[in-house]
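Descriptive structure summary
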Amino acid sequence: MKIKKLLVALLAVVMAVGVMTAVAACDDPKPAPPPENTKSFQLTGEFRQDLQAMGQGFDFMLDLNKDGSAVLARYNPFGYDSSDAASNKSYAAKYMEGTWKEAKKDGVDCLQIKLAVKKADGTEENANTFYAYDVAGVYSFDLNFPIVPGMSFTRDVTLTGGETKTYADGNAFIQAKKMTFEAPAHVTTFESEKDGKVNATAYVASDAKIYLYTGYTQIAQGTYSKNESEMKVIINDSPINVAIDGNKGTFEYTYDMGGYGSTTYTFVCKDITKVPAQGPAAFEPVRYEGTVGGTTYSIVLTSETDCKYANKQMESMFSFECTYAIDETTHVITLTIKQEPSNETLKGLWAGMKDIVWTLGDNGAMTGVAPAEQA
């Protein structure tokens, strides 16, 4: 009897454990693994634009991997660095990151690509969603990217590609896109130094041209004149006198980076006898500056009839090409723009400048009267 009761008790325990296990299995089901993406894509693009201090262009490589990750690499070939991708300062392996998937947009098959700049603290900047469409086997879309991560200053580049992977990795991409620096043809140079190292070079050509570089980046170019007793350089329509001491020549140039500060370089040539004699320009540019309503403007006369008119703060980025006439009695200058701006920003800028009446004075000064003050 005791044995029978013991068997019944053990059977009850086994049944209870079974029920509990079944209930637990129902309450905590294991999620099915997501199906593996069988496709991968690679799209590339080239961006070229002279952005002055921010560079002259970039190359992009976007890998859309089977695991659904999207990784955008960016390479600056104008850094002239073709070293290993892992340590190359001109190459960013994960310039932007995100995800991708095959999708439909407005009923059309496409690739949905989400990209953003990933910050060290885990947050994102410049996040956006793009859609790449297949045309004759080639996918393409316009990528809006920040010139400097985290900044609102952006540009667009067209990326194209497909399932064929053109570049195996970052090193293959760098080797395909690398550039070799070639200095302008020149007869001699002026060099600027900081802390005992050359930080800028002015290449003097035999045809009266001069080219200013910081490292591998051209920051300005101009012309020069020279005789036995003096030398003058004209850069950005502004004449600069070269100070001569024996055979040494020295001049200063301030590089304005368009709202990102300015740097003054002192260029020195140890032997300016190597600079060929050049006659002066037929017309030497004349520069005027004046302030109205707290804003400083510049007018540079570049010839007997042509000039450049600009908001000085933005002058390094753009100026309006004009023709001019000067009243011989009042010295009032009348400006006529050569081409009306089509860009909305420039339209607004020109609207605030065109009706100011300027009177030219001495030593590059000019006096302006705003439209509201005119009788």
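One structure accompanies this document, and this report is about it. Keep in mind that this is a model prediction, so the values were computed, not measured.

Our next topic: the side chain of Arg74. Checked against the element boundaries, Arg74 lands in strand S3 (residues 69-75). Engagement of the side chain of Arg74 in a polar contact is seen with the backbone oxygen of Ile147, the distance being 3.1 Å. Contacts of Arg74, omitting those with residues within four sequence positions, involve Phe58, Asp59, Phe60, Ser90, Tyr91, Ala92, Tyr95, Phe145, Pro146 and Ile147.

Judged by nonpolar contacts, the single largest core of 27 residues is most densely connected at Phe60, Ile113, Leu143 and Phe145. Once you skip the residues sitting within four places of it in the chain, Ile113 turns out to touch Leu62, Leu64, Ala70, Thr99, Trp100, Asn128, Thr129, Phe130, Ala132 and Phe141.

Of all the five residues making up strand S13 (residues 231-235), four are buried; the element is thus mostly covered by neighbouring parts of the structure. Connecting the antiparallel pair strand S12 (residues 217-226) and S13 is a turn made up of four residues. Of the strand pairs in this sheet, S13 and strand S14 (residues 238-245) are connected by five bridges, and their pairing is antiparallel. Along S14, the bridge assignment pairs Lys232 with Asn241. In this antiparallel pair of consecutive strands, S13 and S14, the connection spans two residues, and Asn236 shows a positive phi of 50 degrees.

So, on to the pattern of salt bridges. Tallying each qualifying case throughout the model produces 13 salt bridges. Of the charged contacts, one joins Glu102 and Lys39 as a salt bridge, the two residues approaching to 3.3 Å between their closest N and O atoms. In this pair, Glu102 sits in strand S4 (residues 91-105) while Lys39 sits in the loop between helix H1 (2-27) and strand S1 (41-48), placing the two residues 63 residues apart along the sequence. Owing to a relative accessible area of 45%, Glu102 belongs among the partly exposed residues under this scheme. In this structure, Lys232 engages Glu284 in a salt bridge whose closest nitrogen and oxygen atoms are separated by 3.4 Å. With Lys232 in strand S13 and Glu284 in the loop between strand S16 (262-269) and strand S17 (286-292), this residue pair connects regions lying 52 residues apart in the sequence.

Moving on, we get to the pairing of strand S11 (residues 209-214). With five of its six residues buried, S11 lies for the most part within the structure. Two strands pair when backbone bridges link them, and strand S10 (residues 197-204) and S11 are joined in this way by four bridges, in the antiparallel orientation. From the neighbouring strand, Val204 faces S11, where its bridge partner is Ile210. Strand direction decides the pairing type here: S11 and S12, joined by six bridges, are antiparallel. Bridged to Tyr211 within S12 is Gln221. What sits between S11 and S12 in their antiparallel hairpin is a turn of two residues, with Gly215 showing a positive phi close to 60 degrees.

Here the focus is the sheet that holds strand S22 (residues 357-360). The strand order across the open sheet built from seven strands is S17-S18-S19-S20-S21-S22-S23, with neighbouring strands paired in antiparallel fashion. At either margin of the open sheet sits one strand with a lone partner, and together these are S17 and strand S23 (366-369). If you compare each strand with its neighbour and ignore which way they point, the axes differ by 35 degrees on average. Pairing between strand S18 (residues 295-301) and strand S19 (residues 306-311): five bridges, direction antiparallel. Bridge pairing in S19 links Ser298 to Ala310. Where helix H3 (residues 344-351) meets the sheet, it contacts S19, strand S20 (320-326) and strand S21 (332-337), and its direction lies at approximately 20 degrees from that of S20.

The next subject is the sheet that holds S4. Remark on secondary structure: sheet strands pair via backbone hydrogen bonds, oriented parallel or antiparallel. The strand order around the closed barrel formed by eight strands is S1-S2-S3-S4-S5-S6-S7-S8, and the pairing between neighbours is antiparallel. The mean angle between the axes of side-by-side strands here comes to 25 degrees, regardless of whether they run parallel or antiparallel. Pairing of strand S5 (residues 108-118) with strand S6 (residues 124-135), which is carried by seven bridges, proceeds in the antiparallel orientation. Residue Leu115 lies in a different strand from S6, and its bridge partner there is Asn128. Of the strands in this sheet, strand S2 (57-64), S3 and S4 are in contact with helix H2 (residues 170-177), which crosses S2 at around 150 degrees.

About the thresholds
Residues numbered from 1 in each chain as written. Predicted model: local features only at pLDDT ≥ 70, side-chain atom pairs only at ≥ 80, totals over all residues. Heavy atoms only, no water. Helix = DSSP H or I, 4+ residues; strand = E, 2+ residues; numbered from the N terminus. Polar contact = N/O pair within 3.5 Å; in protein donor to acceptor, adjacent residues only side chain to side chain. Contact = heavy atoms within 4.5 Å. Core = buried A, V, L, I, M, F, W, Y, C linked by side-chain atoms within 4.5 Å. Buried < 20%, exposed > 50% of the residue type's maximum accessible area, 1.4 Å probe, protein only. Pairing = 2+ DSSP bridges. Salt bridge = Lys/Arg side-chain N within 4 Å of Asp/Glu carboxyl O. Axes fitted to C-alpha atoms, helices over the stretch in contact; angles between N-to-C directions.

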